[in-house]
Amino acid sequence: IRIFRNGELVKLMMDSDGDGFTETEILYKDGKPITQTEDRNRDGKPEVRITFNDKGEKERVEIDSKMKGKPDTWEYYQNGLLSRVEKEELGSGKVDLKVFYDQGKRTKVMMDRDGDTRFEITQWFDRPPWAVVMEVDLDGDGRADGRYCYRENTLRVKEIDEDGDGRLDFREHYDEKGRLVKVEERDDGAQNLNLTWFYGDTGEAIKAEKDADGDGRI
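This report concerns the structure included in the present document. (Residues numbered from 1 in each chain as written. Predicted model: local features only at pLDDT ≥ 70, side-chain atom pairs only at ≥ 80, totals over all residues. Heavy atoms only, no water.)

## Some points on the overall build of the chain
So, step 1. If you tally the helices and strands in the chain, you get zero helices and 18 strands.
So, step 2. Dimensions of the chain along its principal axes, counting C-alpha atoms only, are 85 × 30 × 30 Å.
So, step 3. Across the 218 residues in the chain, those meeting the buried criterion constitute 36%.
So, step 4. When contacts within the chain are restricted to residue pairs at least 6 apart in sequence, those whose partners lie at least 24 apart make up 4%.
So, step 5. Approximately 13,600 Å² of the chain is accessible, and the part contributed by carbon and sulfur atoms is 45%. (Helix = DSSP H or I, 4+ residues; strand = E, 2+ residues; numbered from the N terminus. Buried < 20%, exposed > 50% of the residue type's maximum accessible area, 1.4 Å probe, protein only. Contact = heavy atoms within 4.5 Å. Areas by Shrake-Rupley, 256 points an atom, 1.4 Å probe, with all protein chains shown as cover.)

Right, dumping it as structure tokens:
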């Protein structure tokens, strides 16, 4: 159903699935869409609201995916491409998941898993040679307490700051099969990782090297 005013389209209502209910409604101004709503469960309350910019490009989408009468997912667009998605998944009423995009490709995900509004988990998808780099900030000081680097869904490097002083306490290296091959540790209060353990195919330590005086040589 198209509605015109002075010969100009101002509203379009659609029954996309042919069930007799017009679930989609688009409002126009100067021939371009300004808002679009979708009532997916036919309760008279739209679950999707799309806002367009003055070019007619999608700018913001609000989605009530749980159909509780309020949006829980927000999508943001730039130049017609998805740039950010925010979700409320825990039921707290606050955003606990953020996904960032660059030119339509996912680059970063931030997660708040305990509902305290602090995003303690961050995943990066644009840090080659890794497919995914996950950072965990448990104490909320803005510094990663743990960093996990994946290649082809296999953990290859794990870095841990156990005492939260901003310095790594150990770094573990894994091969393409996920087997531990090397561990670097900070030993005897050293400033850097000065002790290295090497492991065999069966997981046993086979060699250790230490830079006791910190001059960069074993």
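After presenting the structure, the write-up continues.
## Focus: the packing of aromatic side chains
So, step 1. One pass over the full model with this rule turns up zero aromatic pairs.
So, step 2. Its end group placed over the ring of Trp 124, Arg 127 keeps NZ or CZ at 3.8 Å from the ring centre. (Phe/Tyr/Trp six-rings, centres within 6.5 Å; stacked < 30°, edge-to-face > 60°. Lys NZ or Arg CZ within 6 Å of the ring centre and 35° of its normal.)

## What to know about the environment of Leu 168
So, step 1. Position of Leu 168 among the secondary structure elements: in the loop between β14 (154-160) and β15 (170-174).
So, step 2. Overall, Leu 168 belongs to the partly exposed group, its relative accessible area being 23%.
So, step 3. Sequence spacing of Leu 168 and Arg 186 is 18 residues, and the spatial spacing of their C-alpha atoms is 7.5 Å.
So, step 4. Beyond its immediate stretch of four places on either side in the chain, Leu 168 contacts Glu 159, Ile 160, Arg 186 and Leu 193.

## Some thoughts on the environment of Ile 121
So, step 1. Mapped onto the elements, Ile 121 comes out in strand β11 (residues 121-124).
So, step 2. Take Ile 121: its relative accessible area is 17%, and that puts it in the buried class.
So, step 3. C-alpha separation for the pair Ile 121 and His 173, spaced 52 residues apart in sequence, amounts to 21 Å.
So, step 4. Filtering out sequence-adjacent residues up to four positions away, Ile 121 remains in contact with Val 109, Met 110, Met 111, Arg 113, Met 134 and Glu 135.

## Focus: unusual backbone geometry
So, step 1. Residue Pro 129 is reached from Pro 128 by a cis peptide bond, and omega for that bond is 10 degrees.
So, step 2. Relative to the helices and strands, Pro 129 resides in the loop between β11 and β12 (132-136).
So, step 3. One non-glycine residue, Arg 42, adopts positive backbone phi at about 60 degrees.
So, step 4. Along the chain, the position of Arg 42 falls in the loop between β4 (32-38) and β5 (48-52).
So, step 5. A positive phi angle, close to 65 degrees, is found at Asn 153, a residue other than glycine.
So, step 6. The exposure class assigned to Asn 153 is exposed, which follows from its relative accessible area of 77%.

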